[in-house]
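Chain residues, written in single-letter form:
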Amino acid sequence: MIRKAVLPVAGLGTRFLPASKAIPKEMLTLVDKPVIQQVVEEAIAAGITEIILVTHGAKKAIEDHFDVHYELENELEQRGKTKLLKELRSILPPGIRVVSVRQGRALGLGHAILCAREVVGDEPFAVLLPDVLVDNFNQLKTDLAYMNQRFTETGLAQILVDAVPQERVDQYGIVALKEGAALAAGESKPMQAMIEKPAVDKAPSNLAIVGRYVLPPRIFELLAATQPGAGNEIQLTDALDALLQESGAEAYRMQGETYDCGSKLGYLHAILVHALRHPEVSGDFRKLINQLPEA
Ligand code: G1P
């Protein structure tokens, strides 16, 4: 059973400036819900009960979002706004805990995960990169839930991957499967190597790491020994490659859809999809889109 999830949110979000100057990029909204809330819901749906935010002093709004806002709740109660009140209280369902640790210096994703070492302790855990939304709408179980289940059965780290266009492999961690292996959606298979942001002509495949991981605690020791790699940052992918050489690790191929909310177009795509599903606005929003003049 995987109980804990680490969400690195300390990044300054330069790709979203000026919007992310005073508001964390993770607090940008999909209609009326911040992106980070969507990611926390994904973790909870996979059975996670402790969310560990690796954060930065400039991003307190994220911690506030998951805290109780007593005055606001009181006000809504007095005004009889029970539906809103219920919604506000359901941001963090009973039994779910949010803990935060600080990442003082931006030394890379691997370093961010290492900052959570004491809070995670000696147990397996999930990592969710909140820039990426994994959408398992209308599916029986989420991809993260399948990864947790597979880890519990095998003890092998599970890395969520999906195919990306060959010309974009240099923007991701890329995995190599064992010789000749193919990976169908929903399947896990052993990997041979992982490499962070390879040159387009050096990538061993076009299977990219999507931003969901289920890892054993051994990764912390490997991270502590990892030297700066791509972009002169301590890379999680490099520590994972060491783990894989030591005891094996599996790539799990995604069944759902992803939206890269770290990019403007990916974020717009996510808004479109969520607005078209939103119970309050979906119908009118579709009409609005249909009425748009051709560009
Ligand atoms: C990080 C990881 C990379 C992964 C990507 C997914 O990179 O280091 O392996 O493919 O997230 O979004 P970043 O996008 O933070 O540079």
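The coordinates are above.
Because the structure is predicted, anything quoted here is derived from the model rather than measured.

The rules we used
Residues numbered from 1 in each chain as written. Predicted model: local features only at pLDDT ≥ 70, side-chain atom pairs only at ≥ 80, totals over all residues. Heavy atoms only, no water. 1 Å grid on protein atoms, 1.4 Å probe; cavity = no way out; pocket = protein on both sides within 12 Å on 5 of 7 lines; lining within 4 Å. Points joined across faces, edges and corners; volume = space filled by probe spheres on them. Nonpolar A, V, L, I, M, F, W, Y, C, P; charged D, E, K, R; others polar. Helix = DSSP H or I, 4+ residues; strand = E, 2+ residues; numbered from the N terminus. Contact = heavy atoms within 4.5 Å. Axes fitted to C-alpha atoms, helices over the stretch in contact; angles between N-to-C directions. Parallel < 35°, antiparallel > 145°, perpendicular 65-115°, else oblique. Left-handed = near helix turned anticlockwise from the far one by under 90°. Near = heavy atom within 4 Å. Polar contact = N/O pair within 3.5 Å; in protein donor to acceptor, adjacent residues only side chain to side chain. Areas by Shrake-Rupley, 256 points an atom, 1.4 Å probe, with all protein chains shown as cover.

1. Observations regarding empty space enclosed by the protein
In step 1: Counting across every chain of the model gives one cavity of 30 Å³ or more.
In step 2: Computed from the structure, the largest cavity encloses a volume of approximately 50 Å³.
In step 3: Taken together, Lys25, Glu26, Leu28, Val35, Pro130, Asp131, Cys261 and Tyr267 form the lining of the largest cavity.
In step 4: Grouping the constituent residues of the lining of the largest cavity by class yields five nonpolar, no polar and three charged.

2. Observations regarding the environment of Glu50
In step 1: The residue Glu50 is located in strand 4 (residues 50-55) in this model.
In step 2: Sequence separation between Glu50 and Ile289 is 239 residues; the distance between their C-alpha atoms is 39 Å.
In step 3: Setting aside residues no more than four positions away along its own chain, Glu50 makes contact with Arg3, Lys4, Ala5, Arg97, Val99 and Val119.

3. Focus on the packing of helix 3 (residues 70-78) against helix 4 (residues 82-89)
For any two helices packed against each other, the geometry comes down to the angle between their axes and how far apart the axes lie.
In step 1: For the pair helix 3 and helix 4, the least separation of the axes is 8 Å and the interaxial angle reads 155°. The angle between the axes of helix 3 and helix 4 places the two elements in the roughly antiparallel class. The two elements helix 3 and helix 4 meet at a crossing, and its hand is left-handed. In contact with Leu72, Glu73, Leu76 and Glu77 of helix 3, helix 4 contributes Leu84, Leu85, Leu88 and Arg89.
In step 2: Residues belonging to the contact of helix 3 with helix 4 are distributed by class as follows: five nonpolar, no polar and three charged.

4. Observations regarding the site of the ligand
In step 1: Contacts to the ligand come from Leu109, Leu129, Val132, Tyr172, Gly173, Glu196, Lys197, Ile209, Val210, Gln235 and Thr237.
In step 2: Between the ligand and the protein, one listed contact pairs an oxygen atom with a backbone N or O atom of Gly173 at 3.0 Å.
In step 3: A distance of 2.7 Å separates an oxygen atom of the ligand from a polar atom in the side chain of Glu196.
In step 4: In the complex, 76% of the free accessible area of the ligand, which totals 380 Å², lies under the protein chains.
In step 5: A class-by-class count of the residues in the shell around the ligand yields six nonpolar, three polar and two charged.

Just distances and angles here, no functional claims.
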